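# Residue-level structure breakdown
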Amino acid sequence: MRISEKTALKSVLQYGLAFLLPALLITGTFAALGVSPLLITGMSQLYIDFHAWFYDVLTGAQSPFFSFRAGMGMNMTGLLAFYQASPFSFLVLLFPKEAMPDAVLLITILKLGAAGLMFSIFA
C-alpha cells in the first residue's frame, strides 16, 4: 500500500469510528437501562408531534406555514426554523406516521453520531 492509501484508510476508519462510537454507546445505554428518550416529557409531547406535523407537510396533508393543530392555530414558520431545520428531519418519510416515535429515536441516534463525527473533524 502506498502512503496516501494508508492515510486515506486511516482517515476513513477514524471518521467511521467517530460516527459509530457515540451512536452505538447511546444505543447501548438506552438498551441496557431499558429506557427510551421518547419517554421524557418534552420529547414525547413536542418532538413526536412536530415530526408528525412535518411528515404531513412533506406528504402534502398540511400547510408548512400555518396549522390549526396547535391551540387555536399558529404560525409554523418558527417551528420549522427551530425544530425541523435539520437534514435528518426528512428521515420521517421512511417511516409510517404511526411509527413516528421510532423515527425520532433514529434521528436522535444519528444526530449524536454526526456530532461525534463533526467533533473529530474539527478537533
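What this report covers is the structure whose coordinates are included nearby.

What counts, and where the lines are drawn
- Here, residues in each chain are numbered from 1, in the same order as that chain's written sequence.
- In view of the model being predicted, local features appear only for residues whose pLDDT reaches at least 70, and side-chain atom pairs are presented and counted only at 80 or more, with totals across whole chains, interfaces and linings using the full set of residues.
- Hydrogens and water molecules were not included; the side-chain quantities draw on all heavy atoms of the structure.
- Here a helix means four or more residues in a row that DSSP labels H or I, a strand means two or more in a row labelled E, and each is numbered from the N terminus.
- The classification of residues rests on relative accessible area computed with a 1.4 Å probe and restricted to protein chains. Under 20% of the type maximum is buried, over 50% is exposed, and intermediate values are partly exposed.
- For the area figures, the Shrake-Rupley method with a 1.4 Å probe applies, and any residue is considered shielded solely by the protein chains shown.
- The contact definition used throughout considers only heavy atoms, calling two residues in contact when any of these lie within 4.5 Å.
- Patches here: salt-bridge-free residues with over 30% relative accessible area, like charges joined within 9 Å, nonpolar side chains (Val, Leu, Ile, Met, Phe, Trp, Tyr) joined within 5 Å.
- Any Lys or Arg side-chain nitrogen found within 4 Å of a carboxyl oxygen on Asp or Glu counts as a salt bridge.
- Take the number of residues in a helix, subtract one, and multiply by 1.5 Å to get its expected span.
- As used here, the term nonpolar core means buried Ala, Val, Leu, Ile, Met, Phe, Trp, Tyr and Cys residues forming a set that is joined through side-chain atoms within 4.5 Å.

## Some remarks on the overall build of the chain
- A count of helical and extended segments in the chain gives four helices and two strands.
- Shown N-terminal to C-terminal, the secondary structure of the chain runs as helices and strands in the order α-α-β-β-α-α.
- Counting the 123 residues in the chain, one finds 27% classified as buried.
- Surface accessibility of the chain: about 8,000 Å² in total, with carbon and sulfur atoms responsible for 72%.

## Quick word on the side chain of Gln84
- On the secondary structure map, Gln84 appears in the loop between α3 (77–82) and α4 (100–122).
- Apart from the residues lying within four places of it in its own chain, the contact partners of Gln84 are Phe50, His51, Phe54, Leu79 and Ser89.

## Focus: a nonpolar patch on the surface
- Together, Tyr15, Met118, Ile121 and Phe122 make up a nonpolar patch on the protein surface, roughly 420 Å² of accessible area in all.
- Tracing the backbone shows Ile121 in helix α4.
- Since its relative accessible area comes to 39%, Ile121 is described here as partly exposed.

## Thoughts on α4
- Compared with an ideal rise of 1.5 Å per residue, which puts 23 residues at 33 Å, α4 spans 32 Å between its outermost C-alpha atoms and is within 8% of the ideal.
- If you check which residues of α4 are buried, you get Met100, Ala103, Val104, Ile107, Ile109, Gly113, Ala114, Gly116 and Ser120.

## Notes on the environment of Pro101
- Tracing the chain through its elements places Pro101 in helix α4.
- Using a relative accessible area of 32% as the deciding quantity, one classes Pro101 as partly exposed.

## So, the nonpolar core
- Judged by nonpolar contacts, the single largest core of 17 residues is most densely connected at Trp53, Leu79, Val92 and Met100.
- Sorting the residues of this core by element identifies α2 (41–59) and α4 as the ones contributing at least two each.
- Here this core takes eight residues from α2, the largest share from any one element.
- Among all residues touching Val92, those that are not within four sequence positions of it are His51, Phe54, Tyr55, Leu58, Met100, Ala103 and Ile107.

## Description of the pattern of salt bridges
- Under the defined criterion, the tally for this structure stands at one salt bridge.
- Between Asp56 and Lys97 there is a salt bridge, with its nearest N and O atoms 2.7 Å apart. Of this pair, Asp56 sits in helix α2 while Lys97 sits in the loop between α3 and α4, and the two are 41 residues apart along the sequence.
- Using a relative accessible area of 7% as the deciding quantity, one classes Asp56 as buried.
- Taking the relative accessible area as the measure of exposure, Lys97 reaches 30% and is therefore partly exposed.

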